[in-house]
Amino acid sequence: MMLRSLGWLAVATMSLSAGVTIAQTGKSVDGDAHPQVPDEVAAQMSDTCAPLGESRGISPQHYSSEEMGGDLWLTPCNAGAYQISYEAIYQAEDTAPRKLLFAQWRNGSWNGTELLFNPTFDPATGVLSDQYKDRGAGGCGGERTWEWQEGGFRLIEYLAQETCQNEAGEYPVIFEAE
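Below or above, wherever it landed, is the structure these notes cover. Just so it is clear, the model here is predicted, and its values are computed rather than measured.

**With respect to unusual backbone geometry**
What you tend to see is this: most non-glycine residues have negative phi, and most peptide bonds are trans.
Next up, step 1: Phi is positive for N107, which is not a glycine, with a value near 50°.
Next up, step 2: Inspection of the secondary structure assignment puts N107 in the loop between β5 (102-106) and β6 (109-113).
Next up, step 3: On the basis of relative accessible area, N107 is assigned to the exposed category, the value being 74%.
Next up, step 4: Positive phi values are uncommon outside glycine, yet E150 reaches one of about 50°.
Next up, step 5: Assignment of secondary structure puts E150 in the loop between β10 (141-149) and β11 (152-161).
Next up, step 6: Looking at E150, the relative accessible area reads 85%, which means it is exposed.

**What to know about the state of the cysteines**
Next up, step 1: Under the criterion given, the structure shown has 1 disulfide.
Next up, step 2: Two residues, C140 and C164, share a disulfide whose sulfurs are 2.0 Å apart. Note on the C140 and C164 pair: the S-S dihedral is about 60°, so by sign convention the disulfide is right-handed. Here C164 lies in the loop between β11 and β12 (173-176) and C140 lies in the loop between β9 (127-133) and β10, a separation of 24 residues in the sequence.

**Brief notes about the pattern of salt bridges**
Next up, step 1: Counting across every chain of the model gives 3 salt bridges.
Next up, step 2: Put simply, K99 and E114 hold a salt bridge, and the shortest N to O gap is 3.3 Å. Residue K99 is located in strand β4 (residues 98-99), and its partner E114 is located in the loop between β6 and β7 (115-117); the two are separated by 15 residues in the primary sequence.
Next up, step 3: By relative accessible area, which is 22% here, K99 ends up partly exposed.
Next up, step 4: Given the relative accessible area of 28%, E114 is considered partly exposed.
Next up, step 5: Between R144 and D130 there is a salt bridge, and its shortest N-O distance comes to 2.5 Å. Highlighted residues: R144 in strand β10 and D130 in strand β9, separated in sequence by 14 residues.

How each quantity is defined
Residues numbered from 1 in each chain as written. Predicted model: local features only at pLDDT ≥ 70, side-chain atom pairs only at ≥ 80, totals over all residues. Heavy atoms only, no water. Helix = DSSP H or I, 4+ residues; strand = E, 2+ residues; numbered from the N terminus. Buried < 20%, exposed > 50% of the residue type's maximum accessible area, 1.4 Å probe, protein only. Disulfide = S-S within 2.5 Å. Salt bridge = Lys/Arg side-chain N within 4 Å of Asp/Glu carboxyl O.

Structural data, given as structure tokens:
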């Protein structure tokens, strides 16, 4: 219980320091939360996404790839004690940007989500992966891997453990592409 309390204290402290930085620079959170993200890309972000400023050392990730035929933006939304959520926005050449949705396994069934957690993207292979924890100590959560194919990300592998175990370990396979 003490660790969980300290985690929330760290998040509260990070939020406080971000607020102080905003006050010192005079920048509004609503005005320019992602200075490097084009306005048309930022407009695709969810209302529930609370963009993180650079004051936390968390920046949007931008990838431009001929193989993808456009730009991929991974825009940070919310930071917790042990993971950061992102939304992915893709903009094909000469088109408007669009937010991407991703498969998620929850409560024994599939649904879609806008969020990625601690994502990594390899533009050379077109592989996007993320991992999420349902609690800081691990033991439950998931790992997802997609590959860019024909204008979108195709789910390649999904590992997940919904019931928290006492110790972190490898997650069982929920889905694996053939």
